[in-house]
Amino acid sequence: MIPPDGQPSGATPASAPPPRPPLTLSTDIQFVTGVGRERAGRMRHLGIATAGQALFFFPRDYEYPSELISIGELREGRPASLEGHITELELTSRSPGKSVLGVLVENGSGAVRLLFFNQPYRVDLLPRGSRVIVSGTPRLAGFRMEFVHPKVIVLGEDEPIPENRILPLYPLVEGLKQDHLRKVTSTVVERLADRIEEVLDEELRITAAARVSATLPAMTDPLPEIATALREIHQPSSSESLNAARGRLIFQELFVLQLALAIRRRRLTTDLTAPPLPPTALIDARIRNRFPFELTSDQVRTIEEVGRDMARQFPMNRLVQGDVGSGKTVIAQYAMLLAVAHGHQAVMMAPTEVLARQHYRVLANALAHSRVRMGLLCGSLTAAERRQVLRQAAAGEIDVLVGTQALLYGEVRFSKLGLCVIDEQHKFGVGQRAKLRRGGIDPHYLVLSATPIPRTVTMTMFGDLDVSTLRAKPPGRGAVHTYLAEEGWRDRWWRFVAERIDEGRQAFVVTPRVARQLVDEPADSAVSASPDSTSGEAAAKEVSSAEETYRELCQGPLSGYRVGLLHGQMSSADKAAAMERFVQGRTQVLVSTTVIEVGIDVPNATVMTVLGAERFGLAQLHQLRGRVSRGVHDGHVCLFTDSGVSPTENERLKSLIESADGFEIAEADFRLRGPGDLLGSRQSGMPAMRIADLVRDGEVVAVARELAQELIDGDPDLSAPSRAGLKRQVMRRYGDVLALGDVA
Ligand code: ADP
Ligand code: MG
């Protein structure tokens, strides 16, 4: 910066001492008062490299002052505060430098003793007769409660009781103390809070509070200004103002995310072009005639939505979610045939080769005697086969290409791609999807998910998609009965399984691990172990494994039956072959890991045994049991836990027996296990939330989304000068991950 007289600003007059650089948001944390090199290093581990980051490093919790209670209410070991008068003092000294000060404090409800060791000077600080507030953790000594080294505040007779401060508790790392962090944040708050730009104007703060308060009655006043919120989050003056501050910061975090998503939704419709593929009456009738059954009402509605989307000249972005067996494949089939009818190509991507092959088979059956040319691209093809498929796709000689997700990042070129279907990918987050788009002519996108997705999640991770939900199941399905095995059930259960096989049915046996090993070394990455299951004596136990179970069943309870094995560590060719044998009924029992979790359709399989069930998420177990509800026969699922499992774990599993609704279970799982896998920032490609919690703050997400959409509808690029700050924040946080780059 050059001052008006043209002198460089660096040249300070020789007489003045060099000014200390002013503290700004970007000041290195090392130079904040009281930090220094060493502590700065530790603070960096917490993600605090600058003063600004310290300002936005929020407490994980708070220490609340305890209420004043009567002596009768004191409980040994429980921290408490009480008010009283000092009635006696006694200082005894056993040897030089060793002393004990005993202080008796009385009030209308009784008396307690305070003890101070080797602090004789306290005699003068605690005059007899003075009024005091004592805080500490009492212990019982004889008939009396006693406090050792409590905190004591001496008060004048008429002095009001000082309001105890709520103290912040920050996440710590080794070598950093609460007090350090409190000091640093207090310095930073004092010097910088007022300099933070207010991005939510008063109108927004009023509207947001009013809408949120419909569900959270605590928030009735407008949300506090940013400076107040920052001060209160670090140094609360009361629990009300702390709540208001948290509310504001949570709302802001979610609002910025929702603005980014709203901008992205809008970009996808205005910036991108896709071929319009309208379902004309003729095409529509031709496609529907291919379905050998009557569509459910949800299918009919969803197909209409898809048809409307695909008729437009910008890409469809639709998530179809529905419980297992709700008939999502029909939707995909409809969309693909619609693309092909218009002379475009369609691609369907599945997460595993087994699934890709199944889709290929189902589609090939459905399209037999049609002119649709199909191709399959997956890992087990030979190099020559692969080359040929790639060539045909590029030459437009394949209309519908089915393959694994590896296709996504592979070198596949299409001559005229009109539709991209992504099956069973709830983990395929908005961040990753953003990267797929390349501009120019885009295909329409259809994402299918069988893991019912809690609403909060569709509003965030899938926030750029329109959502159709298939709730009703196709008619004529057998029911699924789920049992939680009790001690000693195994033999009886295997006999039951054998009887079903004798009747001509087939059976799944699912285990959490591929091979025999101890609990704490996960082997099969397809398995997500429940985080709370490796405690106590269970840690020393073995976990059921596919290989071990396979051997045991072959030699024992199911000897004489044809048993197959399938797991994630087998080669793709072996996996495909094992699956194929089961589909054709050549094996009667399939022992496997969760590779069968998604989408596998073998209507004749009606019995499922899950071993080590405590290691699976509820949603995952629900998915699994969907595998035995595909046909007309009733399904039976029995959950066995590996021994040493706690009763609460069984409680969790019981909710599965009590509910058959995937949406209900998904919500429960989401609450019990947190967003974890579903929303992990790694999975979704999105930055983690700082203060908002998608499980807890679901209602705020909804309000933030509504308001963001309204704002973007009125000002699509946030170009109003009053929105400049908000826009900068959106771009800083989400510009890259959501590929919003060209908005700026
Ligand atoms: P998911 O939603 O789990 O992917 P699918 O699309 O694989 O379910 O459908 C499950 C089974 O139900 C398939 O065998 C399919 O042919 C059948 N199905 C789908 N829709 C209907 C319907 N409307 N009526 C009868 N059966 C149907
Ligand atoms: Mg499916």
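Attention here is on the structure that accompanies the text. (Residues numbered from 1 in each chain as written. Chains lettered and ligands numbered in written order. Predicted model: local features only at pLDDT ≥ 70, side-chain atom pairs only at ≥ 80, totals over all residues. Heavy atoms only, no water.)

1. Digging into the packing of helix α9 (residues 297-310) against helix α10 (residues 328-341)
And step 1. Put simply, α9 and α10 touch, their axes get as near as 10 Å, and they point 30° apart. By the angle between their directions, the pair α9 and α10 is classed as roughly parallel. Between α9 and α10 lies a crossing whose hand is right-handed. From α9, Gln299, Thr302, Ile303, Val306, Gly307 and Met310 reach across to α10, where they touch Val330, Ile331, Tyr334, Ala335, Leu338 and Ala339.
And step 2. For the contact of α9 with α10, the residue count by class is nine nonpolar, three polar and no charged. (Axes fitted to C-alpha atoms, helices over the stretch in contact; angles between N-to-C directions. Helix = DSSP H or I, 4+ residues; strand = E, 2+ residues; numbered from the N terminus. Parallel < 35°, antiparallel > 145°, perpendicular 65-115°, else oblique. Left-handed = near helix turned anticlockwise from the far one by under 90°. Contact = heavy atoms within 4.5 Å. Nonpolar A, V, L, I, M, F, W, Y, C, P; charged D, E, K, R; others polar.)

2. Some points on unusual backbone geometry
And step 1. Of note in the backbone geometry, Asn118 takes a positive phi value of approximately 55° without being a glycine.
And step 2. One can find Asn118 in the loop between β4 (110-117) and α3 (122-125).
And step 3. A positive phi angle, near 65°, is found at His369, a position not held by glycine.
And step 4. Looking at where His369 falls in the secondary structure, it is placed in the loop between α11 (353-366) and β12 (374-377).

3. Quick word on the side chain of His622
And step 1. Along the polypeptide, His622 turns up in helix α19 (residues 618-625).
And step 2. For His622, a relative accessible area of 5% translates into the label buried.
And step 3. Separated by 3.1 Å, the side chains of His622 and Arg625 make a polar contact.
And step 4. Aside from chain neighbours lying at most four places away, what touches His622 is Asp323, Val324, Leu656, Ala660, Asp661, Gly662 and Ile665. (Buried < 20%, exposed > 50% of the residue type's maximum accessible area, 1.4 Å probe, protein only. Polar contact = N/O pair within 3.5 Å; in protein donor to acceptor, adjacent residues only side chain to side chain.)

4. A look at the pairing of strand β14 (residues 417-422)
And step 1. For β14, a buried count of five out of six residues is recorded, marking the element as mostly surrounded by other parts of the structure.
And step 2. Relative to β14, strand β11 (residues 345-350) runs parallel, the two sharing five bridges. Within the sheet, the bridge partner assigned to Ala346 lies in β14 and is Leu419. (Pairing = 2+ DSSP bridges.)

5. Observations regarding the pairing of strand β19 (residues 563-566)
And step 1. Residue alternation in β19 divides its side chains into two sets, Val563 and Leu565 and Gly564 and Leu566, and both sets are buried.
And step 2. The parallel pair β19 and strand β20 (residues 589-592), bridged by helix α18 (residues 572-583), forms a crossover whose chirality is right-handed. (Right-handed = clockwise from strand over helix to strand, strands pointing away.)

6. Looking at the sheet that holds strand β18 (residues 506-510)
And step 1. Pairing within the open sheet is parallel, and its six strands lie in the order β17-β22-β21-β18-β20-β19. Two strands lie at the open edges of the sheet, namely β17 (480-484) and β19, each paired on one side alone. Put simply, the sheet's adjacent strands are angled 15° from each other on average, direction ignored.
And step 2. Summarising the sheet, β19 and β20 pair through four bridges and their orientation is parallel. Opposite Leu565, over in β20, you have Val591 as the bridge partner.

All quantities given are derived from atomic positions and should not be read as evidence of function.
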